[in-house]
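Architecture and fold: a report
Chain by chain, the residues:
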Amino acid sequence: MCGIVGYIGKKEASPILIDGLKKLEYRGYDSAGIAILSEGKINVIKTKGRLADLEERFKGKIPKGNIGIGHTRWATHGAPSDENSHPHMSMSENIAVVHNGIIENYMELKKDLEKKGYKFRSETDTEVLAHLAEMYYDGNLVDTLIKVIKDVRGSFAIGLICKDNPNELVAVRKDSPLIVGLGENENFIASDIPAILEHTRKIYLLNDLEFVHLTSDKVELFTIDKKPINKNIFNVEWDVDAAEKGGFDHFMLKEMYEQPKVINNTITPRIKNGLIEFDDINFTADDLKNISRAFIVACGSAYHAGMVGKYLIENLARIPVEVDIASEFRYRNPIIDDKTLVIIVSQSGETADTLAALRDAKKKGARVLAVVNVVGSSIAREADDVLYTWAGPEIAVASTKGYTTQLMAMYMIALKFGVLSGNLSEKDAKHLINELLTVPEKLEVLLGKIDSIKELAKKYHNRRDVFYIGRGLDHMVALEGSLKLKEISYIHSEAYAAGELKHGTIALIEEGTVVVALATQNSLFEKTLSNIKEVKARGGTVIALAQEGNDSVKEIADEVIVLPKIDDRLSSVLAVVPLQLFAYYCAIDKGCDVDKPRNLAKSVTVE
Ligand code: F6R
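Quick look at the structure, then. (Residues numbered from 1 in each chain as written. Predicted model: local features only at pLDDT ≥ 70, side-chain atom pairs only at ≥ 80, totals over all residues. Heavy atoms only, no water.)

Looking only at helices and strands, the chain has 20 helices and 26 strands in total. Taken against the 2.2 N^0.38 rule, which gives 25 Å for 607 residues, the C-alpha radius of gyration of the chain at 25 Å falls within 12% of a compact globule. Its C-alpha atoms put the chain at 75 × 55 × 45 Å along the principal axes. The buried share of the chain, taken over its 607 residues, is 62%. Excluding contacts between residues fewer than 6 apart, the proportion of contacts in the chain whose partners are at least 24 apart in sequence is 72%. Looking at the chain as shown, the accessible area adds up to about 23000 Å², and 48% of this sits on carbon and sulfur atoms. Treating the 76 positive side-chain charges of the chain as one cloud and the 87 negative ones as another, the clouds have centres 1 Å apart. (Helix = DSSP H or I, 4+ residues; strand = E, 2+ residues; numbered from the N terminus. Rg over C-alpha atoms; globule rule 2.2 N^0.38 Å. Buried < 20%, exposed > 50% of the residue type's maximum accessible area, 1.4 Å probe, protein only. Contact = heavy atoms within 4.5 Å. Areas by Shrake-Rupley, 256 points an atom, 1.4 Å probe, with all protein chains shown as cover. Lys, Arg positive; Asp, Glu negative; His and termini not counted. Charge placed at Lys NZ, Arg CZ, Asp CG, Glu CD.)

Written out as structure tokens, the structure reads:
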């Protein structure tokens, strides 16, 4: 999704903006630009394409000036083009803006502005902001921005500079992330912390409709009624290195390798006396008795983790759980009251649909527990309780460690609720927790088998279709494996409950069609084996995953990935890792941009 960086200080702004935008590349983008204010003029340079294309436009001469705003755009309104790239200028080129999000009423605003004589240069919704700002400008930039915001509907993070206020930068956010970095004789705005971490660790996390006025030595915050806001400084404790590749070819590979360590970080501190304890979440047995049902709401991989969560919570705690895709949940009027628990799952904590679902659930009286990775993100701040996954920064667009740590959170919630509800004995809980603690070392074993996965990718990366099948928890992992493959290698892929294949999709299986069959559930092994035979009988090529000891699969499948032995309920977290690696190496063999797949964005802050 779009990225914003803004700078005001004594240094040259251009390199700071470009470096900051590079740190946000992981969010996905299709064009980039900067606006630099100097000597009473705003100099805008922007282009369709990558930041390297933007630097090419400078032709070795960076635009000089100590104040500027920069942007990477992920197209929503209007195709990726030079004209549609940000920053956008007002008609008289007095004002430049960058914007993330969507202005929903931009059509009516545009018509009004056109009637007043404003000429538009782009197809974007953002351009209305620049013209509105020019129309309302009265010398005071905060007042001007407040007036603009009062006219617009939608989501936004906005940075604005004006040639007549050469020592100021203003910004505001609503439903789209924006932070302020506090430096020595310099200050920053950015849509995410890594963009400015090189310069400062002192951050203000802006809430919705908080306006910020920056000069090089002062930062002031205001409400929409222009009341001053006092805000605590958030100190970033993680390192810039954590957001860099550390010798790996890609962030995705690094993040897959980090999984044993981060999974350990997620669970170990939450185990007290052999059972799960959440320090910051006060969930009593009475609280749980008061809950008649739960929803798990999320998007993409986080939704797949939620599906595993439903299975576990229903099995261990006997609480009915529905899993919903956030973009559907918001509009289907689900039955929610004060006896409902809504579990929101999001790596970034900024996904627009997921955030909106959270707000809707809270409005209807539900208690909201968020499972989030990014500390201080909007979802983390607005939920009643937060269970952090502590995966560290996830930069690759395709989620890997973000997803596996979400799975860990699902296990911990189910175990906690199981014991609290009296449906899971402490003895059984301790057995499962001990099994959970073996996951990191078993993942190390799987990561050690990387060469065999590379070989599989070499053999199969040029296939047109790959199907994934599995039963029970294996079905949910199949969905995630399939998503990984399609998003980074662009191979067409679908996932099915193994028993469902013969109700239609089996018609697509022909000589050589690749089917990845997950048979990691001992209790369902024989049944899945029958489904594998059905595929083989139609000429399909089967790559099977099974636990050590289930050797009969080797006689039927073409290839077998063997997983270390583990309790059936935990095999999902092992099974997904070879699937992530398979997707990764298929994408590499096809020459795809693994960390920044086409059309995708890391943090989906538009509906
Ligand atoms: C897939 C992927 C996406 C995200 C989804 C939700 O690899 O990364 O499907 O899982 O966009 O994002 P978060 O978890 O940040 O809400």
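Mapped onto the elements, Cys 162 comes out in strand E7 (residues 154–162). With relative accessibility at 0%, the residue Cys 162 sits in the buried group. Here the alpha-carbon distance between Cys 162 and Lys 602, two residues 440 residues apart in the chain, equals 31 Å.

Quick look at the site of the ligand now. Of all residues adjacent to the ligand, which total 15 residues, the nearest are Ser 346, Gln 347, Ser 348, Thr 351 and Glu 487. Within the backbone of Gln 347, an N or O atom sits 2.6 Å from an oxygen atom of the ligand. One of the side-chain nitrogen or oxygen atoms of Ser 348 is found 2.6 Å away from an oxygen atom of the ligand. Here the ligand has 410 Å² of accessible area as a free molecule, and 89% of this is covered by the chains. Those elements that place two or more of their residues in the shell around the ligand are helix H9 (300–317) and helix H17 (473–489). Classifying every residue of the shell around the ligand gives five nonpolar, eight polar and two charged. (Near = heavy atom within 4 Å. Polar contact = N/O pair within 3.5 Å; in protein donor to acceptor, adjacent residues only side chain to side chain. Nonpolar A, V, L, I, M, F, W, Y, C, P; charged D, E, K, R; others polar.)

Let us look at the environment of Glu 559. Assignment of secondary structure puts Glu 559 in strand E26 (residues 559–563). On a C-alpha basis, the gap between Glu 559 and Val 516 in space is 9.3 Å, while along the polypeptide they are 43 residues apart. With near-sequence residues (within four places) excluded, Glu 559 lies in contact with Leu 456, Lys 459, Tyr 460, Val 542, Ile 543 and Ala 544. Side chain to side chain, Glu 559 and Tyr 460 meet in a polar contact 2.6 Å long.

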